[in-house]
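Observations on the model geometry
Okay, here's what each chain looks like letter by letter:
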Amino acid sequence: ARFLSGIIGGLSTPVISLLIDLSNKGVIGINMRQLFLVMGIVAGTVGMGLFSLSGIFCRERVVQNSDEPKVLDCFRFLFKNKPLLLIVCSNILATVGGVTDTFSQYFYIFSLGAASWGTIIGIPGVISGFLTYLLLPALERRWTSKQIVVRTTILKALVGTTTFLIGMKFYRNPAVIVPLLMIQGFIFSSMIGDTVDYMEWKTGERNEGMAFSLLTFISKLTGSLCTAIATAIIPVIGLVTVQLADNSLQLVENPQINTRFWLWALVTILPPVASLISLIPYRFYDLEGKKLKDIQEEMIARRELNSKTISKSEGEI
C-alpha cells in the first residue's frame, strides 16, 4: 500500500510544477491563487473518494470483542512504549527537515526560471525510491534499524553540505544546479514494527493499529509544524512576490537580503543539517541487537504455548 501510494502521490509534484509554469506563462488563463483553489478542490474530492473505498470494502480479519480504545488510551500507550516515544520525539525534532519541500518550488521558479525543473530533478529520486525497497532487506542483515536511520540522517547532512558548497557560485545556472540536485535527490530518496513487538512482550497485547495511528497523527502534526516554520522563515529571507498582469510571479528584490542564495541553502544544506538534532532520542533507543532478538524469541515461545493451550481446550470440549 505504501509502495503504490508513494508512486501515485509522487505524481502530484510534476503535475503541480507543470501547472505553475502554465499559469505563470498565461497559458491556462488562471492566476496562482485560483490554481491552488482548483487543485485543492480536486485533490480533496478525489482523495476523499478514494479513501472512502476502504470504509466500504475493507473488512476486519478478526472480530474484535474488546472495547475500542479512547484517544487518551493512545497517548497512555505512547508513554508506556518508550521505544515508540523516542521515535515520535525524533520525528518531531526532524520537522525542520521538511521545509525543503516548501521552498523548492520558489527556488525553481526564481533561481532556475521554471517550476518544471523540479520534475526533471525528481526523476533520480523516484528511481532510488524503488531501489530502496530492494536494498532494505540486505541493509537490515548488516545493520539494525537504528543504525540505518542514524547513518541515513548523517549521510543526508553530508550530501546536503557538499551540494551547497559546490553550487554556491552557480545556484542560478540550471546547467550546473539541475544535475547537482538530481544527484542529491538520488541519495536522499521498519523500526515501528519493532516497537509493536516490544509492547506485545511487555503487556501481552499487540497494538499495531494504535501504534500506526499515532504515527499518522504525528505525521500530520509535524506537517503542520513544518508549514508554520516555513511561514516564519519567509519574511526572514525576504521572500516577497508580486503577480504581474500576465499571471506570472515575480520576486521583489531586496538589496539587503540575497533571497535566491537563502533559497539555495534551504533546498540543500540547512534542513538536513538541522535534522541532525533528531538523532538525540536515538541515543536512548536500545530496542535492537540481543535485546530485540530475545524479546522476539520469547514472544514466539509464548504464541506456541498459547496455541497448544487453545488446541488442548478445544479437544477437551
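Here the structure is shown first, and the text comes after it.
Let me sum up the structure you'll find in this document. From a predicted model like this one, the values you see are computed outputs, not experimental measurements.

It is worth spelling out a nonpolar patch on the surface at this point. Taken together, the side chains of Val-38, Val-42, Val-46, Leu-50, Leu-53, Ile-56 and Phe-57 present a nonpolar region at the surface, about 670 Å² in accessible area. Tracing the backbone through its elements, the reader meets Val-46 in helix H3 (residues 32–57). Residue Val-46 is classed as partly exposed on the basis of its relative accessible area of 46%.

Contact pair helix H8 (residues 145–167) / helix H12 (residues 259–266): the axes reach a minimum separation of 9 Å and the direction vectors enclose 150°. Relative to H12, H8 is oriented roughly antiparallel. Taking contact as the criterion, the partners of Thr-163, Phe-164 and Gly-167 in H8 are, on H12, Phe-261, Trp-264 and Ala-265. Looking at the contact of H8 with H12, its residues break down into four nonpolar, two polar and no charged.

What follows covers helix H6 (residues 99–112). Between its first and last C-alpha atoms H6 spans 19 Å; for 14 residues at 1.5 Å apiece the expected length is 20 Å, and the two agree. Within H6, eleven of the 14 residues are buried, which leaves it mostly tucked inside the rest of the structure. Buried within H6 we find Val-99, Thr-100, Phe-103, Ser-104, Gln-105, Phe-107, Tyr-108, Ile-109, Phe-110, Ser-111 and Leu-112. Backbone geometry just downstream of H6 places Gly-113 in the positive-phi region, at approximately 100°.

With the rule as written, the count across this model stands at seven aromatic pairs. Ring centres 6.4 Å apart and planes at 45° place the aromatic pair Phe-103 and Tyr-106 in the tilted group. A residue pair is termed a helical-turn pair when its members lie 3 or 4 positions apart in one helix, as Phe-103 and Tyr-106 do in helix H6 at three residues. Take Phe-103: its relative accessible area is 0%, and that puts it in the buried class. According to the relative accessible area criterion, Tyr-106 is partly exposed, its value standing at 27%. Centre to centre, the rings of Tyr-106 and Phe-110 are 6.3 Å apart; their planes meet at 15°, and the pair counts as stacked. Highlighted residues: Tyr-106 and Phe-110, both in helix H6, separated by four residues, approximately one helical turn. On the accessibility criterion, Phe-110 (8% relative accessible area) is buried. An aromatic cluster of three or more residues is present, and its members are Phe-103, Tyr-106 and Phe-110.

Right, let's talk about the nonpolar core for a bit. One finds Phe-103, Phe-107, Leu-112, Ile-177, Leu-181 and Trp-264 to be the most contacted residues of the largest nonpolar core, which totals 30 residues. The set of elements that each furnish at least two residues to this core consists of H3, H6, helix H9 (174–188), helix H11 (208–236), strand S2 (249–251) and H12. In terms of residues, this core owes the most to one element, H6, which gives seven residues. When neighbours within four sequence positions are excluded, Phe-107 is seen to be in contact with Leu-112, Tyr-171, Ile-177, Leu-181, Arg-260, Leu-263, Trp-264 and Val-267. Core analysis: the second largest hydrophobic core is formed by nine residues, Leu-279, Tyr-282, Tyr-285 and Leu-287 among them.

Okay, the side chain of Ser-17 next. Here Ser-17 shows up in helix H2 (residues 12–24). Exposure remark for Ser-17: the relative accessible area of 0% places this residue in the buried category. At a separation of 3.4 Å, a polar atom in the side chain of Ser-17 contacts the main-chain carbonyl oxygen of Ala-115. In contact with Ser-17, not counting residues within four places along its chain, are Gln-105, Ala-115, Ser-116 and Thr-119.

Under the counting rule described, the total for this entry stands at one salt bridge. Taking the shortest distance from any N to any O, the salt bridge between Arg-260 and Glu-253 comes out at 2.7 Å.

Parameters at a glance
- Residues numbered from 1 in each chain as written.
- Predicted model: local features only at pLDDT ≥ 70, side-chain atom pairs only at ≥ 80, totals over all residues.
- Heavy atoms only, no water.
- Patch = residues over 30% accessible without salt bridge, like charges linked within 9 Å, V, L, I, M, F, W, Y side chains within 5 Å.
- Areas by Shrake-Rupley, 256 points an atom, 1.4 Å probe, with all protein chains shown as cover.
- Salt bridge = Lys/Arg side-chain N within 4 Å of Asp/Glu carboxyl O.
- Helix = DSSP H or I, 4+ residues; strand = E, 2+ residues; numbered from the N terminus.
- Buried < 20%, exposed > 50% of the residue type's maximum accessible area, 1.4 Å probe, protein only.
- Axes fitted to C-alpha atoms, helices over the stretch in contact; angles between N-to-C directions.
- Parallel < 35°, antiparallel > 145°, perpendicular 65-115°, else oblique.
- Contact = heavy atoms within 4.5 Å.
- Nonpolar A, V, L, I, M, F, W, Y, C, P; charged D, E, K, R; others polar.
- Expected span 1.5 Å × (residues − 1).
- Phe/Tyr/Trp six-rings, centres within 6.5 Å; stacked < 30°, edge-to-face > 60°.
- Core = buried A, V, L, I, M, F, W, Y, C linked by side-chain atoms within 4.5 Å.
- Polar contact = N/O pair within 3.5 Å; in protein donor to acceptor, adjacent residues only side chain to side chain.

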